[in-house]
Every structure is written in structure tokens, then in C-alpha cells.
Amino acid sequence: MRKRNLALSDRVKASVRQNADALFVLALVLLLFVVLAAAHPRFLSVQNIIGVLQQSMFLLVVSVGMTVVIVAGGLDLSVGSVAALASSVAAMTLLQHGAAAGLAAGLAIGLAAGAINGLVVTRLAVNPFIATMAMMVGARGLALAMTGGAASISLPRSFEALGSLRLLGIPLLLFVTLAVFVAGFYLLHHSGFGLRVFAVGSKAAAARLSGISVSETVLLAFVWSGLCAGIAGLMFTARFNSGLPTTGVFLELYAVAAVVLGGTRLSGGRGGLLRTLLGVLLIAFLQNGLNLFNVSFYWQQVAIGVVFLCAAISSLAGPAAGAGVVWTVRRTGDA
Amino acid sequence: MGRGTRRVLALFLLATALVLAACGGRPAAPGGEAAKSYTIGVALASATHPLYVAMKVGLEEQAAAMGNVNLRFVQAEEDPVRQLNGIQDLIAQGVDGLLVSPIDAQAAIPGYEAAQAAKIPIFSVARSVDPQYQDAHVGADWSEYGAMIAEHHVAHLGGSGTIALVKGPAGASFVMEMEEGFKRVVSNYPDIKIVAEGNTMLTKDEAARLASDFLTAHPDLDAIFANTDEQALGIITALEDRGLAGKVFLSGFDGIPPAVAAMREGKMHFTIALRPVTWGKKSLVALIEHIEGTPAPALVPIDVLPITQADAASVTDDDLR
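Along each chain, numbering runs from 1 in the same order as the chain's sequence is written. As a convention, the first chain written is A and the first ligand written is 1, with the rest following in written order. The predicted origin of the model limits local features to residues at a pLDDT of at least 70 and limits the giving and counting of side-chain atom pairs to 80 or more, whereas totals for whole chains, interfaces and linings rest on all residues. The side-chain quantities take in all heavy atoms of the structure and omit both hydrogens and water.

## Quick look at the overall build of chain B
- A tally of regular secondary structure across chain B gives 11 helices and 12 strands.
- Accessible area is worked out with a 1.4 Å probe on protein chains only. A residue is then buried under 20% of its type maximum, exposed over 50%, and partly exposed in between. When burial is assessed residue by residue, chain B has 49% of its 321 residues classed as buried.
- For chain B, the exposed area adds up to about 13,700 Å²; of that, 56% sits on carbon and sulfur atoms. Each helix is a run of DSSP H or I of at least 4 residues and each strand a run of E of at least 2, with the numbering of both proceeding from the N terminus. The Shrake-Rupley method, run with a 1.4 Å probe sphere, supplies the accessible areas, and residue values consider only the shown protein chains as cover.

Next comes the structure, spelled out in C-alpha cells:
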């Protein structure tokens, strides 16, 4: 009996050690939450919390896709542009053929963009940074070309219900966001595909030797990320009742930042979606807090930059590095 | 996939891109059958920004209507160096006149000097450089529009109240000048306070985010200034979340059809239509007149259309062109 307890406490200790960086971010989020709640009387209002979640749901959805790609050892810089393209195509299709066709078109754009990214990376062996940057530029251009350079395509008022629908006082789109997160969580942490993603991201050569199809795994990771970007695009269209070809600039960078902030290793093989959730919440509440106190745009940029840097440093320290900063830690496959 | 295959594929992609580019680009029709035919070089700041897209439409429509004008466009996409190269290419081609939206007021000057040296009339459109380098500026004093919008806020508030500013990108000259004009007017009314202000990109979601946070901090806000209509439309979504659409005085700028539609529904209150197609037409007319011997004034004013909620019902999409 005593032995078992020991083992359990050892396991807890080990888990804390392994997730020290995530706990650090959790502490940061809680600290920010407490400070803002104490400092601003309306921060804790239901309206503000729902407002913040509504503002950051797009970032969370693309970050769910981004996490899987990064854990697999890749990077997807195209998510903002693909979301904009999906939003525009969905709006234009919706105008012609109705809501169901618009929905299908948006999802198809996401899947197709993800598949192209994945195929270019795996079949042509192009570096993910370059491959998805090409998609980032190309998809943006395509969105603007299709809409003739318009800033947005407005939909008739009759479609407005799609975005403003609420369940128990909570916007429907937040439930969609939750569903994407749960699906991503299952995929990455509870499915065979997720295991393969971690294996490939840790050491592709070893994964290949153990019989895993590396290229298929990477391809599927990019398809998933594309699908998430497509869903984010549809959410943009639903919330603003319009196609938005110009939206989502820098969304990919914020997504990478959110993923890395949570402690998912940029080099792949280690990380998780709860970490990403923390990263997104940290960015969201930070921006909200800065706006509530009317901090000027310039200083907001500086503040966000500093937080990103801190997170990068804390993730460099890595798991089990609580005893001292270890600059050269580059472990793989330890989570 | 072998290296050879990959190389073939890359070549194929390159060839496809070239063919697409060739199809997309419209080669200038060889003009000059009659004596009075002009080739005008145009270097706008962007080929994707809606303002310049519409302006280009106006230029093309006017050129087609005149019949003796060929337009040659060079693109720069907000890159000052690329724009300067484009201007110099146009001068080398011996165009009869130039319309330029200088991306950077300093970086474009060598292009203007080269035009002067070659005795090619050069007009600035929308954006401007130091007046000594240009023959005319077809545009506006943005601060006057900021002031005009402020007058409508003040009239609505009746002497006291709170305003939030949702401004465009920090550093953009029209953003800074409109802000200056707006604040100049508001500063005359000690009981009207600007309680929050911030910069966002010109998209609905970014503007909605900022407005939503402002509305949390100031739930009793009386009025919101948006730098563009696109931002104002995003702010309407944030207002609707709180059941405040129509209750908070909201102004935009640009005069795009969806904004006028929102005004008809009572969700937005004031905008100024820039009428970019008309702007493009006017630029070309003024330049051709100048070339033919009627010198243009230093500032050729554009024909804007201020729109209140009362006006919105009678404004047509044609009025906004």
C-alpha cells in the first residue's frame, strides 16, 4: 500500500516536472486573470468573457490545426489566407446556391489547401515553411482576385441568423469551436493517428523504421490544419455575415505563437492541445486587458512581443529543467 | 520522385505561371492612328485595395469614353522601390503624362524629378508628395473630412457625451490626418470626451474586437468613430452582441453600398462617400486638360458625398461610384 502511494506521488512529481513549462503558462494565465479581475470592475462580466471568447475563437480553431502540424514536425503559415479564401468562396457560393452549398464549399477549400500543402511537403520534399508560405501568398491572391479586390462580400440579412444564433445565451459559434477542439484533442491524444504524429515529429527516421508511413501522417496533419482553417473561414463568414478576403493577416503568426506559448516544441514531437488552449487564452486576455485599459497600439505591440519572447525562453528551458536553465536541451519524444 | 522529374515539374509550373501572367496582363493596344492620341502611365499604390481597384475602373471607363487615351499601368503593391522602378519604366517608354499615388512621399521623389526632367506632366492621385515636384494633386485634405465627421458627432451628442475612436493602421497618413481634424473640432467642446481610442487593420473582425473591448470598458458609450465603413460594419456586429446597434452613434468613411444599407436599417449614422470611380475619371480628365493647355490648380478637389441617415434612403449604388 505504502509502495503504491510512493509510486503515485512519484508519477505526479514526474508529470509536474515534464509539464513545468505548461504550468508556468497556466500560472501566467491565472495571474493575468486575477490581476485584470481586481483592476477592472467589468472584466469578470459574462459579457466580457463571452466577448473575449468570441474574439479569439478563430485563433483557437486554426491553432488546433497548427498544433497537430507542429507536433508532426511541420509548420503551416497558410492558415490565415486559407481562412480568408474559404470565407470568400463560402460567401460567394452561398449567394448562388444557398447555405448548405456555401458550407460545403468552405470546407472543401480548407481540405484542398491542406492536401496541396501536404502533398508539396511530402511528395516534392519542399520545406514546410516555403510550401505553406507559397500557399499563404497564393490563397490570399486568389481570394482577392475572386472578389475583385473588394474588402468584403456582404450577405443578405436573411443569413444573419447563422452567426448570431445562441444556445443557453452562448453563441452557437463557441459550441462549434468547442467541437473542433474536442475533435482535435481526440485525434492528437487518443487515436492511432495521434501516436503516429508524435512518433514522426520526434524522429521521422525511427518512426519509418517502426513501420509508420511518415508521408501519409504528415499529409493528414496538413489536411487537418487546412480543414481547421476552412472551418475558421466559415466562422468568419457566419459571424460577420460576409465573405472576408482581407481578413486573417498575421493569424498564422499568432497561431504559431499560441502553440509555442503553450510549450509545444517548434521542432516537433512534443506538445499538446491543452497547452495550445492556454496559449490562446493568454494572448486573448492580454489583448483584452490592454484594450480595457486603453493602452496605445504601439505599447500593445511591445507588450505582446515581450510575452512571446518570455514564452519562447521558458519553452527553451524545456521539461524537467526546473532546477536550472538548460540552454541546449533538445530532447525528443519525452512526452 | 527523382530529381529529374522534379526539375521537369518545376519547369512546367514556371511555364504555367508565365502563361497565366501573359493572359492576365493586357498589352497596351497600339494607339496613335489620329494625331491627338495620348499614352498615360499610371502607378497606383495598390492593385488590391478597394479604393484603387475602383479608381482603376474609373480611369479605364474614362479612357474608353475619350477614345484617344491609352493607359499603361505599373503595379507596386505598397512597395515604394517597385513603384519607383515602375515610374522610371513609364518615363523610359515616353508616356505623355503620369498619374501616381506615391506610396512613400520621399521615396517617390526621384521618379517625379525624372518626369520633370523629361518634361512629362505628373499628377499625384489620392496620396501626394511635396507640391513643388508635382503639377497637381487630385485628392483631398483628409483632416477636413475628419472635422466634418466630428461636426456630425457633436451635433448628435448635443454638447456632451463620450466617444471612442476605432482608427485605421497606425502611421497611415489618412488615419493621422482624419484623427487630427476630428480632435480639432471635438476639443472645442469640453463636455465631449474621447474616452478610448485604438488602431486596427481595416477588417471587420479586428474592428469588432477593439470595439467590443471598448464597450466593456465603457458600457455607456455614446458614439463611435470608425476610420472606414468596413470597420464600422464590424463594429455593428459588436454592438449587436450587446443589443446596442442603432443606439450608439456610429460613423464610417468611404461610402460603400453595405454601409449605406446599414444606415437605412438605422444601425449606422454618417459616412462620407469618396466615389472612387468618379475620382479616377476626374484625375484623367484633369491630366488630359492640363496636357492640352488648361493648367490644373495645385489641388484638384474630388467630388465626395456626405451621407446622413436621412439621405441614405435616396442614395443609389451609382451615386457611390
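## Comments concerning the pattern of salt bridges
- The working definition used for a salt bridge is a side-chain nitrogen of Lys or Arg within 4 Å of a carboxyl oxygen of Asp or Glu. Tallied over the entire structure, the rule returns 12 salt bridges over all chains.
- Asp241(B) is the salt-bridge partner of Arg239(A), the closest N and O atoms lying 2.9 Å from each other. Here the residue Arg239(A) occupies a position in helix 11 (residues 214-240), and Asp241(B) occupies one in helix 8 (residues 229-241), the pair thus bridging two chains.
- For Arg239(A), a relative accessible area of 11% translates into the label buried.

## What to know about the environment of Val197(A)
Residues and elements named next belong to chain A.
- Tracing the backbone shows valine 197 in helix 9 (residues 192-202).
- For valine 197 and valine 218, which are 21 residues apart along the polypeptide, the C-alpha to C-alpha distance reads 7.4 Å.
- Sequence-distant contacts of valine 197, that is, excluding residues within four places in its chain, are made with Val68, Val71, Ala72, Leu188 and Thr217. Here, residues are in contact when the closest pair of their heavy atoms is within 4.5 Å.

## Quick notes on the sheet that holds strand 5 (residues 136-139) of chain B
All names here are of chain B.
- In short, DSSP must find at least two bridges between two strands for them to pair. Strand order in this open sheet of six strands is 2-1-3-4-5-11, and the pairing throughout is parallel. Each edge of the open sheet carries a strand with a single partner, namely strand 2 (69-74) and strand 11 (299-301). For this sheet, the mean inter-axis angle between neighbouring strands, taken without regard to orientation, is 25°.
- Summarising the sheet, strand 4 (residues 122-125) and strand 5 pair through three bridges and their orientation is parallel. The residue bridging phenylalanine 123 from the neighbouring strand is alanine 136, located in strand 5.
- Sheet strands touched by helix 2 (residues 50-66): strand 1 (38-43), strand 2, strand 3 (97-100) and strand 4. Its angle to strand 2, the strand with the most contacts, is close to 155°.
- All axes are obtained by fitting lines to C-alpha atoms, using only the stretch in contact for helices, and the reported angles, taken between N-to-C directions, cover 0 to 180 degrees. Against the sheet, helix 3 (residues 80-92) engages strand 1, strand 2 and strand 3, with an angle of about 165° to strand 3.

## A closer look at the pairing of strand 7 (residues 192-199) of chain B
Residue and element names in this part refer to chain B.
- Inspection of the sheet shows strand 6 (residues 161-167) paired to strand 7 by seven bridges, in the parallel sense. Considered in strand 7, the bridge of lysine 167 is made with asparagine 199.
- Crossover handedness is defined here as right-handed if the route from the first strand over the helix to the second strand goes clockwise, with the strands pointing away from the viewer. Assessed by its sense of winding, the connection that carries the chain from strand 6 through helix 6 (residues 173-186) to strand 7 is right-handed.

## With respect to the confidence of the model for chain B
Residue and element names in this part refer to chain B.
- Values of pLDDT, which run from 0 to 100, indicate the predictor's confidence residue by residue. Per-residue confidence for chain B gives a mean pLDDT of 88, with 89% of residues at or over 70.
- Summarising per-element confidence for chain B, the mean pLDDT is lowest in helix 1 (residues 3-24) (54) and highest in strand 8 (residues 223-226) (98).
- Of the regions scoring below 50 in pLDDT, residues 22-34 engages in five contacts with residues more than four places distant in sequence or in other chains.
- Confidence estimates for the predicted assembly give a pTM of 0.82 and an ipTM of 0.79.

## Observations concerning the interface of chain A and chain B
- On the side of chain B, 34 residues touch chain A, which itself brings 35 residues to the contact.
- In short, buried area is how much 1.4 Å probe accessible area vanishes from two parts on joining, totalled over both. Together chain A and chain B conceal approximately 3,000 Å² of surface at their shared face, both sides included; 50% is due to carbon and sulfur atoms.
- One can count one salt bridge joining chain A with chain B.
- Polar contacts, as used here, are pairs of N or O atoms within 3.5 Å; protein pairs need one atom able to donate a hydrogen and one able to accept it. Residues neighboring in sequence count only if both atoms are side-chain atoms. Remark: the boundary between chain A and chain B carries 15 residue pairs in polar contact (both at pLDDT 80 or more).
- Only helix 3 (46-71), helix 11, helix 13 (273-292) and helix 14 (297-317) of chain A provide two or more residues apiece to the side of chain A that touches chain B.
- Here the nonpolar group is Ala, Val, Leu, Ile, Met, Phe, Trp, Tyr, Cys and Pro; Asp, Glu, Lys and Arg are the charged ones; every other residue, Gly included, is treated as polar. Partitioned by chemical class, the residues of the side of chain A that touches chain B number 12 nonpolar, 17 polar and six charged.

## A word on the packing of aromatic side chains
- Stacked, edge-to-face and tilted are the three classes for Phe, Tyr and Trp ring pairs, Trp counted by its six-membered ring, which pair at centre distances within 6.5 Å; planes under 30 degrees apart are stacked, over 60 edge-to-face, the rest tilted. Overall, the coordinates contain 12 aromatic pairs over all chains when judged by the stated rule.
- Summarising the aromatic geometry, the rings of Phe297(A) and Tyr298(A) are spaced 6.1 Å apart at their centres and angled 75° between planes, so their arrangement reads as edge-to-face.
- Note on Trp142(B) and Tyr145(B): the rings are 6.1 Å apart at their centroids and 70° apart in plane angle, and the pair reads as edge-to-face. Taken together, the residues Trp142(B) and Tyr145(B), both in helix 5 (residues 142-157) and three residues apart, mark about one turn of the helix. Each member of the pair, Trp142(B) together with Tyr145(B), is buried.
- Here a set of aromatic residues connected by ring pairs shows up, and it is made of Trp142(B), Tyr145(B), Phe174(B), Phe253(B) and Trp279(B).
- For a Lys NZ or an Arg CZ to count as sitting over a ring, it must be within 6 Å of the ring centre and within 35 degrees of the ring normal. In this structure, Lys56(B) is placed above the aromatic ring of Phe73(B), and the distance from its NZ or CZ to the ring centre is 4.8 Å.

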